Each structure stands twice: as C-alpha cells, then as structure tokens.
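Here is what each chain is made of, one letter per residue.
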Amino acid sequence: MSAVSTALAQNIVELARSTERFHFALSGGNTPRTLYALLATDFRNEIPWESIHLFWGDERYVPQDNAMSNYHLIREALLEHVKINPSHIHPIPTNFDDPDEAAKAYEAVLKSCFSTSWPTFNLVLLGLGHDGHTASLFPGSPALENRNRWVIPTKSPTEPHRRITLTLSALAHAKQIYFLVTGADKTDALQRTLTEGEDTPAARLLSRRPDAVFWTDEAAARRVRDE
Ligand code: 6PG
C-alpha cells in the first residue's frame with residue numbers, strides 16, 4: 001500500500017503545484033490513511049498548502065469527534081500536521097437534525113466555491129467498497145439516479161447507516177478523478193468495476209468518466225492483470 005500511496009502523493013504534489021487554487025475532494029475509509037500521513041510528513045514541504053481547499057466526497061452522519069467520522073480521520077491523519085487556512089477546510093456538516101438539511105447546507109457551500117453549473121474539483125479522490133460502492137453511493141441506492149442535486153443523504157448497509165454523499169453527477173464533473181484501491185480484499189470489486197457492463201456505483205462513474213485513474217497495488221490488481 002505504501003508504494004502506491006507514495007507515488008500518488010508525488011502526483012498530488014505535482015497537480016497541486018500546477019494551479020493557483022487546488023480544490024481537492026477527499027475520500028474517507030481506511031485505504032487513504034497512508035496517503036494522508038505521507039502528505040502530512042514526507043511530502044509536507046512539497047505541497048503549496050496556501051492554495052489547497054479541502055472538501056469531503058462523503059461523510060458518515062456522526063459527530064466530528066466520532067472515530068467513524070471521515071472528518072475525524074482526516075483531521076487526525078492530515079489537518080493536525082499541516083498549516084492550512086481554516087477557511088479552506090470544508091467538512092460536510094453532521095450537526096443538523098435532518099441529514100437532508102446538512103446535504104443542502106453542504107451543497108450551498110460548494111455552490112459558493114464553484115461558479116460552474118456543477119462542482120469542478122481539481123481532484124476527487126475516491127475509494128472502492130467490496131460491493132463496488134464509492135463515496136457513499138451504494139448498489140441499488142435511489143441516490144444513483146439523482147440528476148440534479150450535488151449532495152444528498154443516503155443509507156449505508158453498514159454502520160453508520162446514515163451518510164451524506166456527493167452525487168454521481170457532482171463527482172463526474174471533476175477535472176481529475178482518482179480511485180485508490182489496495183489490498184487483496186479489493187481484488188473482486190476492482191475486477192468487477194473494470195468489467196464492461198457491470199453496474200456497480202463505481203462502474204457507473206467510470207462509464208461517465210473513462211479517464212478516471214485507478215491507483216492500485218499488485219494484490220488489488222491481481223485479477224485485472226491476469227485477464
Ligand atoms: C467511506 C468512504 C468509502 C470508502 C470505501 C472503501 O466513507 O467509508 O468514502 O467509499 O472509500 O468504503 O473503504 P476502505 O478504504 O476502508 O476499504
């Protein structure tokens with residue numbers, strides 16, 4: 001996992017340096033922890049932190065100090081170790097009674113950051129679940145059919161069930177989309193996602209953005225390479 005995370009960190013340095021303002025939507029989950037730690041340590045002095053604006057691709061609907069929060073993960077792994085303008089950090093709010101109000105509030109934040117008809121993040125970093133989900137877009141979810149919202153509440157089959165996620169359309173308009181997928185436990189999900197005709201959420205995004213880049217390790221890519 002560290003070799004691919006190191007290569008990805010170096011690539012993110014180059015992307016961040018290539019623009020005045022780098023709008024970066026982060027992934028939650030465990031896989032990117034190594035990447036975030038590298039950005040906070042080995043690569044800390046390479047990144048132009050003053051031009052970085054951080055967003056979240058999805059969030060578990062729990063308080064920010066809850067260990068299952070993606071904000072909590074990224075604060076511990078990255079934010080506490082780098083000098084980034086607090087006004088450039090845009091976590092998804094989870095303090096509304098109604099998750100849909102939180103989703104609408106985050107959509108308003110995004111619309112204040114992007115003057116375009118859809119958010120055009122410089123980079124969206126995504127993970128891949130065993131069932132082919134990405135962000136918090138899960139198989140069979142009505143959220144996959146939403147064509148006009150940028151941010152919506154969804155339900156996860158695993159705890160915490162309540163989630164907030166960017167929609168496929170919001171993700172699909174990014175300038176660059178990266179999936180970080182590592183480990184033998186992701187072999188099947190990766191192979192399915194890259195197989196024509198598969199209908200997982202990640203495959204749906206890939207069909208809209210065939211230029212999405214998969215950053216993987218040997219273990220995760222074993223089935224794909226053998227094809
Ligand atoms: C989350 C993520 C989710 C994650 C995948 C993979 O909130 O958990 O956004 O989409 O990327 O579930 O998770 P792992 O990296 O922990 O395997």
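Calculation notes
- Residues numbered from 1 in each chain as written.
- Predicted model: local features only at pLDDT ≥ 70, side-chain atom pairs only at ≥ 80, totals over all residues.
- Heavy atoms only, no water.
- Phe/Tyr/Trp six-rings, centres within 6.5 Å; stacked < 30°, edge-to-face > 60°.
- Helix = DSSP H or I, 4+ residues; strand = E, 2+ residues; numbered from the N terminus.
- Buried < 20%, exposed > 50% of the residue type's maximum accessible area, 1.4 Å probe, protein only.
- Expected span 1.5 Å × (residues − 1).
- Contact = heavy atoms within 4.5 Å.
- Near = heavy atom within 4 Å.
- Polar contact = N/O pair within 3.5 Å; in protein donor to acceptor, adjacent residues only side chain to side chain.
- Areas by Shrake-Rupley, 256 points an atom, 1.4 Å probe, with all protein chains shown as cover.
- Nonpolar A, V, L, I, M, F, W, Y, C, P; charged D, E, K, R; others polar.

Q: What exactly am I supposed to notice about the packing of aromatic side chains here?
A: The geometry of an aromatic ring pair comes down to the distance between the two centres and the angle between the two planes. Following the criterion strictly, the structure yields 8 aromatic pairs and no others. A centroid spacing of 5.8 Å and a plane angle of 40° characterise the contact between Phe 55 and Phe 114, whose relative ring orientation is tilted. You can see Phe 55 sitting in strand E2 (residues 52–56) and its partner Phe 114 sitting in the loop between helix H4 (99–113) and strand E5 (123–126), a full 59 residues away along the chain. The exposure class of Phe 55 is buried, given its relative accessible area of 0%. In this structure Phe 114 comes out as buried when scored by relative accessible area, which is 5%. Geometrically, the ring pair formed by Phe 179 and Phe 214 is stacked, given 4.5 Å between the ring centres and 5° between the ring planes.

Q: Just checking my understanding: could you explain helix H1 (residues 2–17) for this structure?
A: Within an α-helix, residues lying three or four positions from one another point in the same direction, as the helix has 3.6 residues per turn. Its 16 residues give H1 an end-to-end C-alpha distance of 22 Å, which sits within 8% of 22 Å, the value for a rise of 1.5 Å per residue. Close packing links the buried residues of H1 with strand E1 (22–26), helix H2 (33–40), E2, E5, strand E8 (177–181) and strand E9 (213–216).

Q: Would you mind showing me how to read the site of the ligand here?
A: In the neighbourhood of the ligand, 16 residues make up the surrounding shell, with Asn 30, Thr 31, His 133, Ala 135 and Lys 186 lying closest. Between an oxygen atom of the ligand and a side-chain N or O atom of Asn 70, the distance comes to 2.9 Å. In this structure, Lys 186 approaches the ligand through a side-chain N or O atom, which is 2.6 Å from an oxygen atom. If the ligand stood free it would expose 420 Å²; the protein chains cover 88% of that surface. By residue class, the composition of the shell around the ligand is 2 nonpolar, 10 polar and 4 charged.

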